[in-house]
Amino acid sequence: MTNHECTCGENPLVPQICNVIKITDETPDTKTFRVQTLDGKKPFDPMPGQLGMFSLIGVGEGMFSVTAKGEDYLDFAIKRCGMLTDALHEMSVGQQVGVRGAYGNTFPVEACKGKDMLFIGGGIGLAPVRSFIRYAFENREDYGKIDILYGARSAKDLVFKEDLYTNWPAMKDTKVHITVDCDDEELACHVGFVPAYLEELAFKPDNRMVVLCGPPIMIKFCLDSLTKMGFSNDQVITTLEMRMKCGIGKCGRCNIGSKYICLDGPVFTMAELEGLPQEF
Amino acid sequence: MSDMQAKLRETAKKLLESGEVGYIIGWGKGRTNKTSPVFVKEPAKVDELVWNEYCLNTLAKYTMDNMYPEKKIGLCVRGCDSRAVNRLIQDNQLKRENVYLIGLPCEGKKDPVTGEMVKKCIECMHHNPLEADVMVGEPVQEKGYPDRFKDVEAMEALSADERYEFWAKQYDKCIRCYACRNVCPACNCRECYVDQYRVGWQGKQNNRAENQVYGLTRAYHIGDRCIECGECERVCPVGLPLMKLNRKLLKDANELFGEYEAGMNTEVKPPLGTYKLDDHEEYM
Amino acid sequence: MKLAKNKLQQAFDLMAKEANLLVPMKIEGVTKFAPWGAEGELAMDAVNTLLPPKDALFPQTEKMYKYKTRLTQVESLEEIKETDKQIIFGIRSCDIHSIDCMDEVFLTRGYVDSFYSRKKENLTTVAIGCTKVLPTCFCDSMGLNPVAAPTADVQLNDLGDYYAVKAQTEKGEALVNLLKPLLEEGDGEAAALECTLKVNMDGVQKKLMNVKMFESDIWQETAQKCIGCGTCTYVCPTCYCFDIEGKECGNEGYKFRCWDSCMFSEYTRMAGGHNPRPSKKERVRNRFLHKLAYFEDRYGKGSLCVGCGRCVADCPVDLDITMFIDKVGALKEAGSND
């Protein structure tokens, strides 16, 4: 019997207790929670794209992508959309939560080396992408030009504003393109849907990988646009989500065909998804 | 019986050919003696319909899978099915104009394994359909069921402790498959309270307490609306005597609000769904 | 070795001293594996118990850890470890194979499920060869043998007045050793037995794995009569899907896992309300594909249907997986509608 390979302690289904050490308001319905173990470490060491099970003891557990990792902390950006996330949004700094992980596969950070990168995020979909963006900046020499295209419903729904407006544009060979669906505030950015803006920006497919996360409808139309622009399916990487309970490929519910999103995903290339039943 | 089957197929064929109905819900053959619900769309396939002594399932609830049909749904109805139709109409889950009722008088059905008449049919009070657009076969003699509340009376004669022990043993067996709920024409809530997991009315643990919460809540939800088709008891894989519970509530409703049978028509409202000035309200 | 049938009770007493002994019992009309000594009658002749033995390893409700909180702080969190020894006596070939299948799920592919593995380490299985089959039995079509379960710790075979006893593993040898005072020298071969219900799995898995099959009309036709209850999944010895929920009382509580069913709408419904499997068509499709195709594709250990026939016998609407297998087998090619 081989033991499990994660960093979460003896039993992969039992969480570690962590302190919430910082809470950042991103948008009216999204907050970023920074967590740290009781002895001041990060609960586990995820690679970009991996997931963590975040629980409010006594309320419930939910699977979220790890938005960022620091030396001694992990960040989870969480949008309010259900019973658990409602309760999470009521937390204050100092609250203790349960965290277990890291689960799932990772963005293909190695295979993307030497390539230009186009990161596309819609809404809270920027949360998983951000882990890869940060990784690319930490290893800036390994990657070519970086373009980040981000869209949200309105200016107030833009997440990670400091990164979008200050940190990322300052990086070498990096451009950040921001668009909002409707122009409801005075903000100097493009107005329109992500797929249309994507075509307008006319990226060349040569030696470029695309990381695409967002609402299903945006993914669908972005894919059409990318295909029109000459990108092939193995150049486009995305993440899937399903309801999850265990995170370790046992409880059954997050399967797409014979793959489990919590274990074999959440990261898939569009070419891989073509071989799977269209049930997501 | 085979005469009726031939007539049923003939009727079904005509209805499908004329376009009067879009499809017909009836019974078809299983691998063994069992029959199984079938959905016949093409006139050429009416031979899939069977009518024999093993046609056990009630069918009316399948209309809820198609609440806005393009054409009428042809629905085979016995006494129990026609009461289920009334139940669904009264609960606003079915429009009468959306179904074409093919009436089949029924003398009771047998268990395909034991060959004996099933309990729900022994207890049947209405062998003939209460309503039909076309009748297949001649009406049969109604026998009634004078012992309707006999089981309940026996239960009432026990002490509270004895009753608790009886039901505790029963609900210890429950596996919470919800077959009783899903087959029940009175259990037609768009979303069952059990599935409202965010609210957490119903714990998911399988233990005596949670199982009893489920059993009692369901019994009360259908308390005055149960049409006594006995399907819940028939489908229960662990054999809970659910009709004892349902009939207890029906007996109380009868005693408190006057003689009442659910699903007999669409006019008389369930006693707990209406209010009269002279209603019993000693619990207030 | 052999065990005279009139010494069976003595054997039970001996085993019950060493471990929690589960034997086929009929309790309040339900046959299942229950502790020897429970109120009810021994049901050695129940070919297949109504309820599968899976809850010995994977209880319908299993506490995982308990905790205490104080305001925003977690005071304690303690894993619940069950390490009682268990013996299942009288389990059939189909159910033994169901344990092999669950082992793949819970013990392999990167993570070991500690709750399951602790129970598995402490479990000894005593299989008994069938001497008759039910009309719904089809284990030999799924590659099993009703009179021999090679992965059981001990194999018994009914030879009239006695059982032939054969240890097949180290755990099995220990158990046979324990029973030694009751055993006699001797041996005997079980008569071969064949199921009467036959299905042909040839090519079925391959057809089902074809992506074209996913959009076939067969699913709507098959699922139409399903009422969406959990009977098939709860009587199935290999349905292992579970949910994790908590129960809290004041400032303490526990987290538990419990059987869940892919037939329920709530199973895949996400926090925002989206449900990737919104109707019975998608749910039945997922269940049958899981049983007949996905499991083989993922674990390479054959089908997740072991042919015990419980779902065939108990489905309220006779949605019969063997008839579905026949239907797929008869398709000219994957994805065609006839």
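About the thresholds
Residues numbered from 1 in each chain as written. Chains lettered and ligands numbered in written order. Predicted model: local features only at pLDDT ≥ 70, side-chain atom pairs only at ≥ 80, totals over all residues. Helix = DSSP H or I, 4+ residues; strand = E, 2+ residues; numbered from the N terminus. Rg over C-alpha atoms; globule rule 2.2 N^0.38 Å. Buried ≥ 20, exposed ≤ 12 C-beta atoms within 10 Å, placed from the backbone. Contact = placed C-beta atoms within 7 Å. Nonpolar A, V, L, I, M, F, W, Y, C, P; charged D, E, K, R; others polar. Domains from an automatic or database assignment. Expected span 1.5 Å × (residues − 1).

A. Inspection of the overall build of chain B at higher detail. In terms of regular secondary structure, chain B is built from nine helices and five strands. Written out in order from the N terminus, the α and β elements of chain B read α-β-β-β-α-β-α-β-α-α-α-α-α-α. Its C-alpha radius of gyration of 20 Å places chain B within 12% of the 19 Å reference for a compact globule of 284 residues. Each principal axis of the C-alpha atoms in chain B carries an extent, and together these give about 60 × 45 × 45 Å. Within the span of chain B, comprising 284 residues, buried residues form 42% of the whole. At a minimum sequence separation of 6, the contacts of chain B that also span at least 24 residues come to 70%.

B. Spatial organisation of the interface of chain C and chain A. At the junction of the two partners, chain C supplies 41 residues and chain A supplies 39 residues. Residue assignment for the side of chain C that touches chain A shows that the elements contributing at least two residues are β5 (61–70), β6 (73–79), α2 (93–107), α3 (114–121), β12 (242–249) and α8 (280–299) of chain C. At five residues, β12 of chain C tops the list of elements feeding residues into the side of chain C that touches chain A. Class assignment of the residues belonging to the side of chain C that touches chain A gives a composition of 22 nonpolar, 10 polar and nine charged.

C. Region of the structure containing the domain arrangement of chain B. Residues and elements named next belong to chain B. Partitioning chain B into domains gives domain 1 (3–135) and domain 2 (150–273). When each unit is reduced to the centre of its C-alpha atoms, the spacing between domain 1 and domain 2 is 25 Å. Contacts between the two partners involve 21 residues from domain 1, matched on the other side by 16 residues from domain 2. Taken together, the elements giving at least two residues each to the side of domain 1 that touches domain 2 come down to α2 (79–90) and α3 (119–122). If you tally residues by element for the side of domain 1 that touches domain 2, the top one is α2, at eight residues. Looking at the side of domain 1 that touches domain 2 residue by residue, the classes come out as 10 nonpolar, four polar and seven charged.

D. Layout of helix α2 (residues 126–138) of chain A. Residue and element names in this part refer to chain A. For α2, which comprises 13 residues, the first-to-last C-alpha distance of 18 Å matches the rise-based estimate of 18 Å (1.5 Å per residue) to within 8%. Within α2, 10 of the 13 residues are buried, leaving the element largely enclosed by the surrounding structure. Taken residue by residue, α2 has Leu 126, Ala 127, Pro 128, Val 129, Arg 130, Ser 131, Phe 132, Ile 133, Tyr 135 and Ala 136 as its buried positions.

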